[in-house]
Amino acid sequence: EFKTREVPKWLSRCAAALPNFNALPGLCQGAIFSLAYNRGVGGFGDNIHPREREMYAIKQAMIAKNFAAIPALILAMQRLWPQGGDLWKRRAHEAALFQKGLNTATPVVA
């Protein structure tokens, strides 16, 4: 159920909310999927609420294709949860997964 229904639904939501989502390597998409599944995609378009600051900045980085900025933005979200807690740790894992995706991506040759 999760794999056949939820994963495609949330990947579609990520692609709709974030320009250039489909240009990301798979591991990077996975990290964003995890983040969006946990926090929703609404924050990517919200530059008003302080809790959404990093989510909105991720969208701006995606627009600019500044993918290298995204792991630090994911890590910065740790401020929202108690240090050492599950969600605090999840953000660290997502940031590491995104960085791994950037490090292992095959460069596109023009």
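Attention in this report is confined to the structure presented alongside it.

The rules behind each value
Residues numbered from 1 in each chain as written. Predicted model: local features only at pLDDT ≥ 70, side-chain atom pairs only at ≥ 80, totals over all residues. Heavy atoms only, no water. Helix = DSSP H or I, 4+ residues; strand = E, 2+ residues; numbered from the N terminus. Rg over C-alpha atoms; globule rule 2.2 N^0.38 Å. Buried < 20%, exposed > 50% of the residue type's maximum accessible area, 1.4 Å probe, protein only. Contact = heavy atoms within 4.5 Å. Expected span 1.5 Å × (residues − 1). Salt bridge = Lys/Arg side-chain N within 4 Å of Asp/Glu carboxyl O. Phe/Tyr/Trp six-rings, centres within 6.5 Å; stacked < 30°, edge-to-face > 60°. Axes fitted to C-alpha atoms, helices over the stretch in contact; angles between N-to-C directions. Parallel < 35°, antiparallel > 145°, perpendicular 65-115°, else oblique. Left-handed = near helix turned anticlockwise from the far one by under 90°. Nonpolar A, V, L, I, M, F, W, Y, C, P; charged D, E, K, R; others polar.

Let's shift gears to the overall build of the protein. Assigned secondary structure in the protein consists of 5 helices and 0 strands. When its helices and strands are written in sequence order, the protein yields α-α-α-α-α. For 110 residues, the compact-globule estimate of 2.2 N^0.38 gives 13 Å, and the C-alpha radius of gyration of the protein, at 13 Å, lies within 12% of that figure. Along the first, second and third principal axes, the C-alpha atoms of the protein reach 45 × 35 × 25 Å. The proportion of buried residues among the 110 residues of the protein is 35%. Nonlocal contacts in the protein, meaning residues at least 24 apart in sequence, comprise 55% of its contacts between residues at least 6 apart.

For helix α5 (residues 86–104), with 19 residues, the first-to-last C-alpha span of 27 Å sits near the 27 Å given by 1.5 Å per residue. The elements touched by buried residues of α5 are α2 (26–39) and α4 (70–76).

Taken as a whole and judged by the stated rule, the model has 6 salt bridges. In the salt-bridge network here, residues are joined through shared partners; they are Arg53, Glu54 and Arg79.

It is worth spelling out the packing of aromatic side chains at this point. Scanning all chains against the criterion turns up 4 aromatic pairs. A ring pair is formed by phenylalanine 2 and tyrosine 37, whose centres lie 5.5 Å apart and whose planes are at 85°; its orientation type is edge-to-face. Pair noted here: phenylalanine 2 is in helix α1 (residues 2–17) and tyrosine 37 is in helix α2, with a separation of 35 residues, a long-range link. On the accessibility criterion, tyrosine 37 (40% relative accessible area) is partly exposed. Between phenylalanine 33 and tyrosine 37, the aromatic rings sit 5.9 Å apart at their centres with planes inclined by 20°, giving stacked as the arrangement. A residue pair is termed a helical-turn pair when its members lie 3 or 4 positions apart in one helix, as phenylalanine 33 and tyrosine 37 do in helix α2 at 4 residues. With a relative accessible area of 13%, phenylalanine 33 lands in the buried category.

A few words now on the packing of α2 against α5. A pair of packed helices can be characterised by two numbers: the angle between their axes and the separation between those axes. Viewed as axis vectors pointing N to C, α2 and α5 meet at an angle of 155°, and their least axial separation amounts to 7 Å. Between α2 and α5, the crossing angle belongs to the class labelled roughly antiparallel. α2 and α5 meet at a crossing whose hand is left-handed. Where α2 approaches α5, its residues Leu27, Cys28, Gly30, Ala31, Ile32, Ser34, Leu35, Asn38 and Arg39 are matched on the opposing element by Leu87, Arg90, Arg91, Glu94, Leu97, Phe98, Lys100, Gly101, Leu102 and Thr104. Along the lines of polarity and charge, the residues of the contact of α2 with α5 split into 9 nonpolar, 5 polar and 5 charged.

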